[in-house]
Structures are given as structure tokens and as C-alpha cells.
Amino acid sequence: MLLPLGAALLMLAACGSEPPPLEGAAIGGDFTLVDQTGKTVRAADFKGRYRTLYFGYTFCPDVCPLDVQILMQGYHAFAKAHPDLAPKVAPLFVSIDPARDTPAVVGQFAAHFGKELTGLTGTEAEIAAIAKSYGVYYKKGEGTGPNSYLMDHSRAAYLMGPDGQPIALLPIDKDAAAVAAELAKWVH
């Protein structure tokens, strides 16, 4: 049996709607942290906006700055191509090293990548709670002194929806163009 052309096109269009890769994943949740100005920030403060979250630390000698650079270059490319949608996205950097990453320190770090990036830190318990809710691994490494240590941690940049639901992992392991394309795919 042949379908009318309109019905066939509707069926094809329905097949093309891809669900978000992280749809239904148990990732994310409420949090209470402090931003670079010292203001208490909660997950609810971002309700209605998409969020990108990267977990790292400001004293990282290599991976974190590179990942955040790619993330924010991708965000800026997306913002240039979609100036109407860019304000709907809140890029967030979450420190996994609260002992050294004070609000001022995360603020200085975030400022290197653009005024849109919000640096967040908190107490050890607050960081442990948000890391657990996002499935982030981190561990303080051995050092030669109290402030000379590295942090082991997982590498991921999450895209969360306006209601806090997980959407996708942003491809920071590729390049800024891939990040911009992924943002354009999901941010509406």
C-alpha cells in the first residue's frame, strides 16, 4: 500500500527528530555554591536557561584551561551565529578544588575566557554534593606542599536544559566548531 506523499513526509520528519543523548539520565540536580563575586548561587537561579557545566580547577596546568577555552570558543561561535539564542545559555565553571579556588580565584580564571562564564566554588561538602549529582570523579593528588598538588578528575562538559534536565555532553575533545554545532542542535 502506498501512502500519500504528505503522510510519508510527515513520517520521515518524525523519524528525524532525535532524542537528546542524555535524555532520562540521572545527572544533575539542585546545588548551592558561591560565584566569583561571593554571591550564593543555586541551580534554581538558572531555571529557564540552558547551562553548560565544566568541572575542573584553576591551578590545572594543562587540560582544564584547554577544555574551557574550546568550550567558550564554541559558545562564542554559537553566540555569533545565533545572537537571539545565546542569552538563553549560562556557561558555568565549577571548581573541584575548593581549598585553593576561592571566589576571587575562580573569577580571575573565568574572566580569561569571556564575561559570560560564571566561576563557581563552595565548601568541600558542597563540591562533593554537586560532583556526585553530575557523576564527576575527582581526587586530590599528592604534592610537595600544602598548595602544590594536582587534582585528578573526569573530563566532561554537560549541556543541561532550561529545567535542569541533561541533554548532551559537549564535544570539548574535538574543537570549538563541534561545540558550537552541538549547542545549535539543542538550544532553542
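Here the structure is a predicted model, which is why all the values come from computation and not from measurement.

What counts as what
- Residues numbered from 1 in each chain as written.
- Predicted model: local features only at pLDDT ≥ 70, side-chain atom pairs only at ≥ 80, totals over all residues.
- Heavy atoms only, no water.
- pLDDT = per-residue confidence, 0-100.
- Contact = heavy atoms within 4.5 Å.
- Helix = DSSP H or I, 4+ residues; strand = E, 2+ residues; numbered from the N terminus.
- Polar contact = N/O pair within 3.5 Å; in protein donor to acceptor, adjacent residues only side chain to side chain.
- Buried < 20%, exposed > 50% of the residue type's maximum accessible area, 1.4 Å probe, protein only.
- Pairing = 2+ DSSP bridges.

S.K.: With reference to specific residues and values, describe the confidence of the model for the protein chain.
M.R.: Should pLDDT be low for a region, the predicted coordinates there are not to be read in detail. Of the residues in the protein chain, 91% reach a pLDDT of 70 or more, and the chain-wide mean stands at 92. Within the model, the stretch residues 1-15 combines pLDDT values under 50 with 1 contact to residues more than four positions away or in other chains.

S.K.: Account for the side chain of Asp35, with residues named and values stated.
M.R.: As for its position among the elements, Asp35 is in strand β1 (residues 32-35). Polar side-chain contacts of Asp35 include one of 2.6 Å to the side chain of Thr37. With residues near it in sequence (within four places) discarded, Asp35 still touches Val41, Pro103, Thr118, Gly119 and Leu120.

S.K.: Go over the pairing of strand β7 (residues 148-153), please, and point to the residues and values.
M.R.: Only one face of β7 is buried, namely the one carrying Tyr149, Met151 and His153, since none of Ser148, Leu150 and Asp152 on the opposite face is buried. Note: strand β6 (residues 138-145) against β7, 5 bridges, orientation antiparallel. Considered in β7, the bridge of Gly143 is made with Tyr149. Linking β6 to β7, which pair antiparallel, is a turn of 2 residues.

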